[in-house]
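Listed below are the residues making up each chain.
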Amino acid sequence: MRNTFIKMFHFFKFVLICGIFYSDGEWDFNWCDVGWLRENFDHAYMEEHVRINHFRNHYELTRKNLMVKNLKRFQKNLEKDMGRTEASKCDFFPSTYAMPSEYHLFVEEFNRNPGSTWIMKPVAKSQGKGIFLFRKLKDIIDWKKDRSRSEEQKDAAHLDSYVVQRYIENPYLINGRKFDLRVYVLVTSYVPLKVWLYRDGFARFSSSRFSLSTIDDKYMHLTNVSVQKTAPDYDPEKGCKWQMQQLRRYLTAKYGREVVETLFGDMDNIIIRSLQSVQKVIINDKHCFELYGYDILLDHNLKPWLIEVNASPSHAPSSQEDYEMKYGLLEDTLNVVDMEGRLTGQEKRVGGFDLMWNDGPVYTEDLNLQTFGSLSFTANTHLGCVNDREKNLRQLLKPFPLQKKI
Ligand code: ADP
């Protein structure tokens, strides 16, 4: 009962913070879903001060097929302009083909890697819906036949509705279980690119021990919380998550600081390069910002792989701890967006968000100029580090004008 009351209180506080004043289609701040955006964005008149939580064509990054298309093009251009070594820094997404348009390219790759496992995913669905694993071309031929039969009635725009992707067969396991990481990234502008990384995040574990001997068990291979929640042995008390801090501590204890810093640096690289890959195609608009949910999988060499970027990461809490984390995340998003003009615009940190890119890399305050000369400076990113957000906010935020003592 008390929990319900607290949640309601926080919900109303959130609504007030958002300042969602919505009458006759007039609003100052709109936390909309992508469906609303599609229907209304082009007809909405937006005054200077209003803010909305998606960029018009966010799907260039958040649709599985378009994300890979943009990354492949970006990588190719990098190779042309800056050489192989630079382009190889984009080797963080598994080999992927749009289906059915790239079917023949896929078959060539499939034949070059006999016995490997592939994963088929609908481009515009989420929560693990419609996903299956396969090792035989026959499985996909049956799928293709079924699809072409049902697609005869549909228009061409719907054709590329799946991607087929190399399945990461050697995931990093903890207690024999696979997991992936959810990392929150806030983009407040694409031109110039301005990116904030949230300190909290989590690892989502599968409930069954990982094995390649069976590929039909979704509880073993798909780490989505929405899938794991339906597992017969799911324990709502324990859940299936570790906070990012817990994972970082675990890996540091096991491998030492340097290894973990390299890993987290590699994740920074994924975030920045994926955003750069769409920087020229996203319609930049000063009213828009976007809070992305990055899904990243580690393999057993501690190499991070980008699985997908979500435009509408779930904010539904799975435990009290998760609730507090997500509440802080949303509140800090609003703090960065700063509708009330409480910031100076020079901040490198707001609550749990650290500014990681501001038209170029951002470095930490305690930058040692001598080491800077030899290029060993430290990025201003603290994923999985202490998130003393409230202390930071107390120091940072000027009181609202109405709160000032007269
Ligand atoms: P959805 O949008 O439906 O959540 P994802 O692409 O995020 O689809 O995939 C769902 C889950 O499947 C991921 O969380 C991950 O556990 C697993 N998965 C997806 N792609 C791969 C891959 N290439 N290799 C290994 N596991 C994968």
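Residues numbered from 1 in each chain as written. Predicted model: local features only at pLDDT ≥ 70, side-chain atom pairs only at ≥ 80, totals over all residues. Heavy atoms only, no water.

The name given to the chain in an unreviewed UniProt entry is Tubulin--tyrosine ligase-like protein 9, with the source organism recorded as Oryzias latipes. Looking at the Sequence similarities (unreviewed entry) heading of the UniProt record, one finds this comment for the chain: "Belongs to the tubulin--tyrosine ligase family." (UniProt positions renumbered as here; feature names shortened; annotations may be inferred.)

> Got a sec to walk through the site of the ligand? Specific residues and values, please.
Around the ligand there are 24 residues in total, and Lys64, Gly128, Thr223, Asn224 and Glu308 lie nearest to it. Glutamine 127 places a polar main-chain atom, nitrogen or oxygen, 3.3 Å from an oxygen atom of the ligand. At 2.9 Å from a nitrogen atom of the ligand is found a side-chain nitrogen or oxygen belonging to glutamine 165. Relative to its free-state accessible area of 540 Å², the ligand is covered by the protein chains to the extent of 99%. Those elements that provide at least two residues to the shell around the ligand are strand S4 (118-122), strand S6 (162-166), strand S8 (177-190), strand S11 (290-298) and strand S12 (304-310). Residues belonging to the shell around the ligand are distributed by class as follows: eight nonpolar, seven polar and nine charged. Taken domain by domain, the shell around the ligand gets at least three of its residues from each of domain 1 (1-94 + 174-366 + 377-399) and domain 2 (95-144 + 160-167). (Near = heavy atom within 4 Å. Polar contact = N/O pair within 3.5 Å; in protein donor to acceptor, adjacent residues only side chain to side chain. Areas by Shrake-Rupley, 256 points an atom, 1.4 Å probe, with all protein chains shown as cover. Helix = DSSP H or I, 4+ residues; strand = E, 2+ residues; numbered from the N terminus. Nonpolar A, V, L, I, M, F, W, Y, C, P; charged D, E, K, R; others polar. Domains from an automatic or database assignment.)

> Give a detailed account of the pattern of salt bridges, specifying residues and quantitative values.
In total, this model carries 18 salt bridges according to the counting rule given. The shortest N-O distance in the salt bridge between glutamate 79 and arginine 84 comes to 3.1 Å. Given the relative accessible area of 67%, arginine 84 is considered exposed. Residues aspartate 295 and arginine 182 are paired through a salt bridge, measuring 2.9 Å at the closest nitrogen-oxygen approach. Separated by 113 residues along the polypeptide, aspartate 295 in strand S11 and arginine 182 in strand S8 bring together distant segments of the chain. Note on accessibility: aspartate 295 and arginine 182 belong to one class, buried. (Salt bridge = Lys/Arg side-chain N within 4 Å of Asp/Glu carboxyl O. Buried < 20%, exposed > 50% of the residue type's maximum accessible area, 1.4 Å probe, protein only.)

> Let's hear about the sheet that holds strand S3 (residues 96-99): which residues, and what values?
Neighbouring strands of a sheet are bound in pairs by backbone hydrogen bonds; such pairs are parallel or else antiparallel. The strand order S3-S6-S4-S5 describes an open sheet built from four strands, whose pairing is antiparallel. Whereas interior strands pair on both sides, the edge strands pair on one side only; in this sheet they are S3 and strand S5 (132-134). Adjacent strand axes in the sheet meet at a mean angle of 25° when their direction is disregarded. Relative to S6, S3 runs antiparallel, the two sharing four bridges. Bridge assignment links threonine 96 to a residue of S6, and that residue is glutamine 165. (Pairing = 2+ DSSP bridges. Axes fitted to C-alpha atoms, helices over the stretch in contact; angles between N-to-C directions.)

> Please provide a residue-by-residue account of the packing of helix H4 (residues 64-82) against helix H11 (residues 257-279), values included.
Packed helices, taken two at a time, are described by the angle between their axes plus the distance between the axes. Two elements in contact, H4 and H11, have axes separated by 9 Å at closest approach and are oriented at 90°. Judged by the inter-axis angle, H4 sits roughly perpendicular to H11. On H11, the residues touching Asn70, Leu71, Arg73, Phe74 and Leu78 of H4 are Arg273, Ser274, Gln276, Ser277 and Val278. The residue makeup of the contact of H4 with H11, split by class, is four nonpolar, four polar and two charged. (Parallel < 35°, antiparallel > 145°, perpendicular 65-115°, else oblique. Contact = heavy atoms within 4.5 Å.)

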